[in-house]
Amino acid sequence: MSELEIIRSTHKKQKPEDDQLVFGTQFTDHMFIMDYTPERGWHYPRITPYEPIALEPASTVFHYGQMVFEGLKAYRTKEDKILLFRPEKNFQRLNRSSERLGIPAIDEEKALLYLEELLRIDREWVPSLDGTALYIRPFIIATDPNLTPKPSNTYKFMIILSPVGSYYEEGIHPVGIYVEEQFTRAVKGGTGMAKTAGNYSAAYKAQEKAVNKGQSQVLWLDAVEKKYIEEVGSMNVFFKIDGEVITPELSGSILEGVTRMTTIELLKKWDIPVTERKISIDEIAKAYQEGKLEEAFGTGTAAVISPIGELLWNDQKMVINDRITGPIASKLYEKLTGIQTGVEEDQYNWTIEVI
Ligand SMILES: *Cc1c(COP(=O)(O)O)cnc(C)c1O
């Protein structure tokens, strides 16, 4: 990669202890950055020390939120190998998000090569304790100094890295979920299928309500009928009802998770019935009353599998599987984290090693 310029940091930061990691608060010694102009396209890829960047206060990203991002992880195996899990899916999705936000596409293959080089340089930052990883945050921001609400002509594509611990301090354990009926996250035709800033800040108010009600995340219903399940927090969601695993179909307002896709593939390989379809909160409540709601869990890169111990819907509290992690959630968690960290054989060629 001759065109990639590398400017190394002259001092190494103190690394946090593996057992002291707090999600997304500390960053490695280096970052990747690349620019876009209409004349030159994407150009000048470089790895530099992690440092503040200068942007005009009028940069369009600050005013109209034209940006997209991704989230994936690098894992250290017992043999000290560094593994990535299906990273090509993340760069493909970054481009799908960009398409929706009017941002020019990046070269997915080159982006992965740049990421690998960045990981080689900051390799020591990949933590090794069980449940830890190096979180990778690629993102693109619009940088034209222009207050006109129109797509920017210039952009920056960056990748930053942050060592992270287990998403939940206690490791895998069931959490409480609040079913939100007032606020909505996304609507078909909107930006719900894109990983873009506004979707998240628009969710904070509902998240605050969930916490005030003693729950840890929000379960989002569809914006039109306030009836069909969409996602939980920033995770896709699965329910096991009477032996069948059901997840909401990709409706245009749901983010297509890599963990969701992998979960569906694994369930199929295990011959566990899995269906992608519309599922309403009434159907969940009915299954619960009939004693058929066997398991519920969220899926996402951050927590991998997050079992749901209870659902609070208006005044109705549904306790799932006695607030114990169910067998399917456990099996998926073990398999996924096993493959990601090199403990389990990767029969599916999902991981790539950073050499
Ligand atoms: C990132 C994200 C997910 C999970 O996607 P993964 O690729 O599995 O990490 C689900 N929902 C939302 C809203 C997200 O932003």
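Rules used throughout
- Residues numbered from 1 in each chain as written.
- Predicted model: local features only at pLDDT ≥ 70, side-chain atom pairs only at ≥ 80, totals over all residues.
- Heavy atoms only, no water.
- Helix = DSSP H or I, 4+ residues; strand = E, 2+ residues; numbered from the N terminus.
- Rg over C-alpha atoms; globule rule 2.2 N^0.38 Å.
- Buried < 20%, exposed > 50% of the residue type's maximum accessible area, 1.4 Å probe, protein only.
- Contact = heavy atoms within 4.5 Å.
- Areas by Shrake-Rupley, 256 points an atom, 1.4 Å probe, with all protein chains shown as cover.
- Lys, Arg positive; Asp, Glu negative; His and termini not counted.
- Charge placed at Lys NZ, Arg CZ, Asp CG, Glu CD.
- Core = buried A, V, L, I, M, F, W, Y, C linked by side-chain atoms within 4.5 Å.
- Polar contact = N/O pair within 3.5 Å; in protein donor to acceptor, adjacent residues only side chain to side chain.
- Expected span 1.5 Å × (residues − 1).
- Near = heavy atom within 4 Å.
- Nonpolar A, V, L, I, M, F, W, Y, C, P; charged D, E, K, R; others polar.
- Salt bridge = Lys/Arg side-chain N within 4 Å of Asp/Glu carboxyl O.
- Axes fitted to C-alpha atoms, helices over the stretch in contact; angles between N-to-C directions.
- Parallel < 35°, antiparallel > 145°, perpendicular 65-115°, else oblique.
- Left-handed = near helix turned anticlockwise from the far one by under 90°.

Peer 1: Describe the overall build of the chain, listing the residues and the values that go with them.
Peer 2: Tallying secondary structure elements over the chain gives 8 helices and 18 strands in all. Taken against the 2.2 N^0.38 rule, which gives 20 Å for 355 residues, the C-alpha radius of gyration of the chain at 21 Å falls within 12% of a compact globule. Here the C-alpha coordinates of the chain stretch approximately 60 × 50 × 35 Å along the principal axes. The buried share among the 355 residues of the chain stands at 54%. Long-range contacts, defined as pairs at least 24 residues apart, comprise 71% of the intrachain contacts of the chain with a sequence gap of at least 6. Accessible surface computed for the chain: about 16,200 Å², of which carbon and sulfur atoms make up 49%. Side-chain charges of the chain comprise 41 positive and 53 negative groups, with the mean position of each set lying 2 Å from the other.

Peer 1: How would you summarise the nonpolar core if you had to cite specific residues and measurements?
Peer 2: With 35 residues, the main nonpolar core has F32, L84, L115, L119, I136, I140 and F157 as its most contacted residues. At the level of secondary structure, the elements contributing two or more residues to this core comprise strand 2 (30–37), strand 3 (41–49), strand 5 (72–76), strand 6 (82–85), helix 2 (87–101), helix 3 (108–121), strand 7 (133–142) and strand 8 (155–164). Of the residues forming this core, the biggest block, 7 residues, is contributed by helix 3. Residues within four places of I136 in sequence aside, it is in contact with E70, G71, L72, K73, A74, L84, L115, L119, I159, I160 and L161. If you look at the next biggest cluster of nonpolar residues, it comprises 24 residues, including L221, I229, M235 and I308.

Peer 1: Explain the side chain of N199 to me, and be specific about the residues and the numbers.
Peer 2: You can see N199 is positioned in helix 4 (residues 197–201). Taking relative accessible area as the criterion, N199 reaches 5% and is therefore assigned buried. Within polar-contact distance, the side chain of N199 engages the side chain of T191 at 2.8 Å.

Peer 1: Which residues make up helix 3, and what values do they have?
Peer 2: An ideal rise of 1.5 Å per residue puts 20 Å on 14 residues; helix 3 measures up with 20 Å between its terminal C-alpha atoms. Listed as buried for helix 3 are A111, L112, Y114, L115, E116, E117, L118, L119 and I121. At the N-terminal end of helix 3, a side-chain oxygen is found 3.1 Å from the backbone nitrogen of E109, two or three residues along, and the residue is D107.

Peer 1: Tell me about the site of the ligand, and name the residues and values.
Peer 2: Surrounding the ligand, one finds 14 residues, the nearest of these being K195, Y200, E231, T259 and T301. E231 places a side-chain nitrogen or oxygen 2.5 Å from a nitrogen atom of the ligand. At 2.8 Å, a backbone N or O of V258 approaches an oxygen atom of the ligand. Taking 380 Å² as the accessible area of the ligand by itself, protein coverage stands at 96%. For the shell around the ligand, the per-class residue count stands at 4 nonpolar, 6 polar and 4 charged.

Peer 1: Can you lay out the pattern of salt bridges for me, pointing to particular residues and giving the numbers?
Peer 2: Under the definition given, this model contains 22 salt bridges. Among the salt bridges present, the one from E208 reaches K205, with a minimum N-O distance of 3.5 Å. Of this pair, E208 and K205 both sit in helix 5 (residues 204–212), 3 residues apart, roughly one helical turn. With a relative accessible area of 42%, E208 lands in the partly exposed category. Through salt bridges with shared partners, a single network forms among K12, K15 and E124.

Peer 1: I'd like to hear about the packing of helix 2 against helix 3, residue by residue, with values.
Peer 2: It is the contact of helix 2 with helix 3, at a shortest axis distance of 9 Å, that shows an interaxial angle of 125°. The orientation of helix 2 relative to helix 3 falls into the category oblique. Where helix 2 crosses over helix 3, the handedness of that crossing is right-handed. Seen from helix 2, the contacting residues are P87, F91, Q92 and N95; seen from helix 3, they are E108, A111, L112 and L115. For the contact of helix 2 with helix 3, the residue count by class is 5 nonpolar, 2 polar and 1 charged.

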